[in-house]
Amino acid sequence: MKAVVNRIIPFSSVDGPGNRTAVFLQGCNIDCRYCHNPETRGFCQHCGICVDHCPEHALSVTDGHVQYEAEKCIQCDTCIHVCPHDSSPRTEELSPEEVYERVRKQIPFIRGISVSGGECMLQPAFLTELFRMAKEDKLSTLIDSNGTIPFSEYPDLMEVTDGVMLDIKAFDCGEHRKVTGASNETVLANAVWLAEHAKLYEVRAVIVPNLYDTEQSIRDMGAFLAPYLSIREFRIKVIAYRPMGVRREYACYQVPDQEYLNRLADLLRGYGFQNIIII
């Protein structure tokens, strides 16, 4: 069992509570217009376009496959900017054991492990094995997900998962489809199931004012989620859209100012939410 891994960040303070190792798996099943990690969406097709553009000659083609030499790379990201497949030639195909060997090096200094993507729930069996090893070392385990895969169908994974950081891209189904190309029916069902089972750690909303009705979405989301606060408190992360890292055709959206973000947070407080982070 192997997964294509985009990158592993040994120490992260933004992917869950405390210092954590964050693992980003390759591949996604939706197409967010504001995606800030578009290089995690697809898989390398070994077309070789990136090879000719690499300024440090860290890429080559051998037997029809793009090869990557990490020691030559200066992390300029030219390869991912020119890739026509929303991918990266710097990915690795690793087993859960190989990933965990890299996690284990940080154990004295981390509280847990968080796995994101792409969409990591496309590979639930891989996650289950990785989290089982983490649990043996008493690390906490978190999933960062777009919510389009039903968590209730994977009881073995949920048994070794402490919480889920769930994206609600837009509350209205039509607007969610406009933003992502997909329905949010499963996303909202997941939100309820996770909250009822005390597995909902965080809900994330990226605020793009001229892409969808962000204020109404926050109102609807607040009203929808508020009844579940009594089961286990979870936080809301209100995230400002920023053009850094997005695909060129989607770099034109409005960046919300702090006053607007504060107003959205106040709306959520009106529904009883206290644990709100604005970034």
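See the structure above.
So, a few notes on the structure that sits alongside this text. Model, not experiment: these values are computed from the prediction. (Residues numbered from 1 in each chain as written. Predicted model: local features only at pLDDT ≥ 70, side-chain atom pairs only at ≥ 80, totals over all residues. Heavy atoms only, no water.)

**Things to note about the overall build of the protein**
Turning to step 1, where the next piece is worked out: The secondary structure content of the protein amounts to nine helices and 11 strands.
Turning to step 2, where the next piece is worked out: Relative to the 2.2 N^0.38 estimate, which gives 19 Å for 279 residues, the radius of gyration of the protein is 19 Å and therefore close to what a compact globule would have.
Turning to step 3, where the next piece is worked out: Counting only C-alpha atoms, the protein reaches 60 × 45 × 30 Å along its principal axes.
Turning to step 4, where the next piece is worked out: Scored against the burial criterion, the 279 residues of the protein give a buried share of 52%.
Turning to step 5, where the next piece is worked out: Between the averaged position of the 28 positive side-chain charges in the protein and that of its 38 negative side-chain charges there is a distance of 4 Å. (Helix = DSSP H or I, 4+ residues; strand = E, 2+ residues; numbered from the N terminus. Rg over C-alpha atoms; globule rule 2.2 N^0.38 Å. Buried < 20%, exposed > 50% of the residue type's maximum accessible area, 1.4 Å probe, protein only. Lys, Arg positive; Asp, Glu negative; His and termini not counted. Charge placed at Lys NZ, Arg CZ, Asp CG, Glu CD.)

**Let's talk about the packing of helix H8 (residues 214-225) against helix H9 (residues 258-270)**
Turning to step 1, where the next piece is worked out: In contact at an axis separation of 9 Å, H8 and H9 are set at 25° when each is read in the N-to-C sense. The angle between H8 and H9 places the two elements in the roughly parallel class. For the element pair H8 and H9, the recorded crossing hand is right-handed. Each of Thr214, Glu215, Ile218, Arg219, Met221 and Gly222 in H8 lies in contact with H9, whose residues at this interface are Tyr260, Arg263, Leu264, Leu267 and Leu268.
Turning to step 2, where the next piece is worked out: Across the contact of H8 with H9, the residue classes tally to six nonpolar, two polar and three charged. (Axes fitted to C-alpha atoms, helices over the stretch in contact; angles between N-to-C directions. Parallel < 35°, antiparallel > 145°, perpendicular 65-115°, else oblique. Left-handed = near helix turned anticlockwise from the far one by under 90°. Contact = heavy atoms within 4.5 Å. Nonpolar A, V, L, I, M, F, W, Y, C, P; charged D, E, K, R; others polar.)

**What to know about the packing of helix H3 (residues 96-104) against helix H4 (residues 124-136)**
Turning to step 1, where the next piece is worked out: Viewed as axis vectors pointing N to C, H3 and H4 meet at an angle of 40°, and their least axial separation amounts to 9 Å. By the angle class used here, H3 and H4 are oblique. Considering only the axes of H3 and H4, their crossing is right-handed. The residues of H4 that touch H3, namely those facing Pro96, Glu97, Val99 and Tyr100, are Phe126, Glu129, Leu130, Met133 and Ala134.

**What about the nonpolar core?**
Turning to step 1, where the next piece is worked out: Within the largest apolar cluster, 74 residues are counted, with the highest numbers of intra-cluster contacts made by Ile143 and Met221.
Turning to step 2, where the next piece is worked out: Ranked by size, the runner-up nonpolar core spans nine residues in total, among them Ala58, Cys73, Cys79 and Ile80. (Core = buried A, V, L, I, M, F, W, Y, C linked by side-chain atoms within 4.5 Å.)

**A word on the pairing of strand E10 (residues 235-240)**
Along any regular strand the residues' side chains alternate between the sheet's two faces.
Turning to step 1, where the next piece is worked out: Most of E10 sits out of view: six of its six residues are buried.
Turning to step 2, where the next piece is worked out: Side chains Arg235, Lys237 and Ile239 project from E10 onto one buried face, and the interleaved Ile236, Val238 and Ala240 project onto a second face that is buried too.
Turning to step 3, where the next piece is worked out: Bridge analysis of strand E9 (residues 200-207) against E10 gives six bridges, and the strand direction is parallel. In the strand pairing of E10, valine 203 is matched with isoleucine 236.
Turning to step 4, where the next piece is worked out: Taken together, E9, H8 and E10 constitute a β-α-β crossover, and its handedness is right-handed.
Turning to step 5, where the next piece is worked out: Sheet analysis places E10 next to strand E11 (residues 276-278), joined by three bridges and oriented parallel. Along E11, the bridge assignment pairs valine 238 with isoleucine 278.
Turning to step 6, where the next piece is worked out: Regarding topology, H9 serves as the crossover connection from E10 to the parallel E11, and that connection is right-handed. (Pairing = 2+ DSSP bridges. Right-handed = clockwise from strand over helix to strand, strands pointing away.)

Honestly, it's all geometry; don't read function into it.
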